[in-house]
Amino acid sequence: MSLYNFPNLLQVAKDRNFKAVGSFNLHCLEMLPAYFKAAKATNSPLMIQISTGTAEYLGYRLLVDSIRSLSESEQIPTCLHLDHCSDIESIKTAIDAGFSSVMYDGSHLDMAENIANTRKVIDIARPRHISVEAELGAIGGSEDGKAVAMEDICFTTTEDAKRFVDETGVDMLAVSVGTVHGLYTGKAQIQHQRLAEISEVTKTPLVLHGGTGVSDEDMRRAVAGGIDKVNVGTEMNVQWVGHCKETFEKGKVNDSVRKFLIPANDAVAAVLIEKIALFK
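The rules behind the values
- Residues numbered from 1 in each chain as written.
- Predicted model: local features only at pLDDT ≥ 70, side-chain atom pairs only at ≥ 80, totals over all residues.
- Heavy atoms only, no water.
- Helix = DSSP H or I, 4+ residues; strand = E, 2+ residues; numbered from the N terminus.
- Rg over C-alpha atoms; globule rule 2.2 N^0.38 Å.
- Buried < 20%, exposed > 50% of the residue type's maximum accessible area, 1.4 Å probe, protein only.
- Contact = heavy atoms within 4.5 Å.
- Areas by Shrake-Rupley, 256 points an atom, 1.4 Å probe, with all protein chains shown as cover.
- Lys, Arg positive; Asp, Glu negative; His and termini not counted.
- Charge placed at Lys NZ, Arg CZ, Asp CG, Glu CD.
- Core = buried A, V, L, I, M, F, W, Y, C linked by side-chain atoms within 4.5 Å.
- Pairing = 2+ DSSP bridges.
- Right-handed = clockwise from strand over helix to strand, strands pointing away.
- Axes fitted to C-alpha atoms, helices over the stretch in contact; angles between N-to-C directions.
- Left-handed = near helix turned anticlockwise from the far one by under 90°.
- Nonpolar A, V, L, I, M, F, W, Y, C, P; charged D, E, K, R; others polar.
- Arc of directions from axis to C-beta.
- Phe/Tyr/Trp six-rings, centres within 6.5 Å; stacked < 30°, edge-to-face > 60°.
- Lys NZ or Arg CZ within 6 Å of the ring centre and 35° of its normal.
- Salt bridge = Lys/Arg side-chain N within 4 Å of Asp/Glu carboxyl O.

> Any details on the overall build of the protein chain? Residues and values, ideally.
From N to C terminus, the protein chain includes eleven helices and eleven strands. Against the compact-globule benchmark of 19 Å for 280 residues, the protein chain has a radius of gyration of 18 Å, which places it among compact chains. Burial status across the protein chain gives 55% buried among its 280 residues. Pairs at least 24 residues apart make up 71% of the contacts formed inside the protein chain by residues separated by at least 6 positions. For the protein chain, the exposed area adds up to about 12100 Å²; of that, 50% sits on carbon and sulfur atoms. The averaged location of the 37 negative side-chain charges in the protein chain is 6 Å from the averaged location of its 28 positive side-chain charges.

Pasting the structure below:
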């Protein structure tokens with residue numbers, strides 16, 4: 001089974017009565033079976049996203065081969081997405097390895113340069129049927145070593161969003177509407193009216209980054225109001241590390257490693273199942 005790009009995966013999701021697709025960060029290969037277990041349990045297509053750091057650590061080709069193999073054996077439509085990459089050469093590496101979707105993150109640049117670089121990536125990706133995500137506005141928090149202070153958050157405007165989509169033709173656009181990357185100690189204050197207006201003027205799939213800190217009520221409202229892709233990463237990592245710490249501390253050095261990892265993977269699968277239910 002070939003890997004799906006985002007528009008094709010979104011269509012599968014819509015056909016199965018989902019309003020949005022969850023895009024879940026994979027942090028290590030040991031977690032991977034849990035993702036497919038959750039997708040099978042929910043009859044959901046699967047979008048797995050990889051940070052540049054994780055891709056370099058595990059290897060782009062290993063990720064492609066592993067995920068493509070599981071997609072085929074489990075018969076689950078799957079998209080493999082490179083997340084938050086500002087380096088076009090790394091994006092080329094991912095495309096050549098077989099990733100089916102990529103994100104060029106030029107949100108730290110001025111509008112003109114962000115548009116120009118996004119178009120360069122689209123020119124590389126589109127002839128190979130690989131989807132491209134871009135980001136507009138500054139989303140707070142930390143993601144793969146990139147941090148935006150809360151006082152530097154810049155919300156996406158309808159005018160900028162329309163210009164960006166019109167001039168790039170990007171497949172999906174990540175917008176800043178009140179969420180933050182990483183751990184969030186309070187309740188995210190999503191600006192639903194702003195989101196609805198951006199959706200109306202762009203007519204383009206919108207992406208919600210920082211899905212970990214969003215309440216169930218706000219998540220359902222967001223996916224009903226224009227969000228087609230929801231990024232979730234921190235929550236799985238926290239659950240996996242927390243369970244591993246507990247099992248490793250209790251275990252013996254001659255125990256099979258799988259005994260330490262199975263509870264962590266079960267916890268990750270439970271997070272995915274819970275999140276996927278919000279996208280209906």
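> Which residues make up the nonpolar core, and what values go with them?
One recurring pattern in soluble globular proteins is that nonpolar side chains are buried together. Membership of the largest hydrophobic core comes to 85 residues, with the highest contact counts inside it found for Tyr35, Ile48 and Leu173. A total of seven residues in this core trace back to one element, the largest contributor, which is helix α11 (residues 257-277).

> I'd like a rundown of the pairing of strand β3 (residues 78-85), residues and numbers included.
Along β3, eight of the eight residues are buried, which leaves the element largely enclosed by surrounding structure. In the sheet, strand β2 (residues 46-50) pairs with β3 via five bridges, with the strands oriented parallel. Each bridged residue has a counterpart across the sheet, and for Ile48 the counterpart in β3 is Leu80. Handedness of the β3-helix α5 (residues 88-97)-strand β4 (residues 101-104) crossover: right-handed.

> Give me the pairing of strand β5 (residues 131-136): which residues, what numbers.
Across the six residues that make up β5, a large majority, six, are buried. Burial along β5 is two-sided: the face carrying Ser131, Glu133 and Glu135 and the face carrying Val132, Ala134 and Leu136 are both buried. Here β4 pairs with β5 via four bridges, running parallel. Bridge pairing in β5 links Tyr104 to Ala134. Pairing analysis gives four bridges linking β5 to strand β8 (residues 172-175), with the strands arranged parallel. In the sheet register, Glu133 faces β8, and the bridge partner there is Met172.

> Give a description of the packing of helix α4 (residues 60-74) against α5 that names residues and reports values.
At their nearest, the axes of α4 and α5 sit 9 Å apart, and the two run at 35° to each other. The way α4 lies across α5 gives a crossing that is right-handed. Residue-level contacts link Tyr60, Arg61 and Val64 of α4 to Ser90, Thr93, Ala94, Asp96 and Ala97 of α5. Split into classes, the residues belonging to the contact of α4 with α5 amount to four nonpolar, two polar and two charged.

> Could you give an account of helix α7 (residues 158-168), with specific residues and numbers?
Buried within α7 we find Thr158, Ala161, Phe164, Val165 and Thr168. Along the axis of α7, the buried residues cluster in a sector spanning 130°; they form a single face. Seen from the buried face of α7, the exposed residues on the opposite side, beyond 90 degrees, are Glu159 and Asp166. Looking at the packing, one finds that the buried side of α7 touches α6 (111-125), β5, β8 and α8 (192-202). Looking one or two residues past α7, Gly169 carries a phi angle of roughly 65°, positive in sign.

> Could you give an account of the packing of aromatic side chains, with specific residues and numbers?
All told, the structure shown has two aromatic pairs when counted by the stated rule. Taken together, a centroid distance of 4.3 Å and an interplanar angle of 35° make the contact between Phe248 and Phe260 tilted. Placement of Phe248 in helix α10 (residues 234-250) and of Phe260 in helix α11 is noted, with a sequence separation of twelve residues between them. Residue classification places Phe260 among the buried positions, given a relative accessible area of 8%. Above the plane of the ring of Phe18 lies Lys280, whose end atom (NZ or CZ) is 4.6 Å from the centre.

> I'd like to hear about the pattern of salt bridges, residue by residue, with values.
Inspection of every chain in the model, using the stated rule, returns 14 salt bridges. A salt bridge links Asp266 to Lys37, with the shortest nitrogen-to-oxygen separation between them at 3.3 Å. Remark: Lys37 occurs in helix α2 (residues 32-42) and Asp266 occurs in helix α11; sequence separation between them is 229 residues. Exposure remark for Lys37: the relative accessible area of 49% places this residue in the partly exposed category. Note that Lys40 and Glu74 form a salt bridge whose closest N and O atoms lie 2.6 Å from each other. You can see Lys40 sitting in helix α2 and its partner Glu74 sitting in helix α4, a full 34 residues away along the chain.

Geometry only, nothing functional implied.
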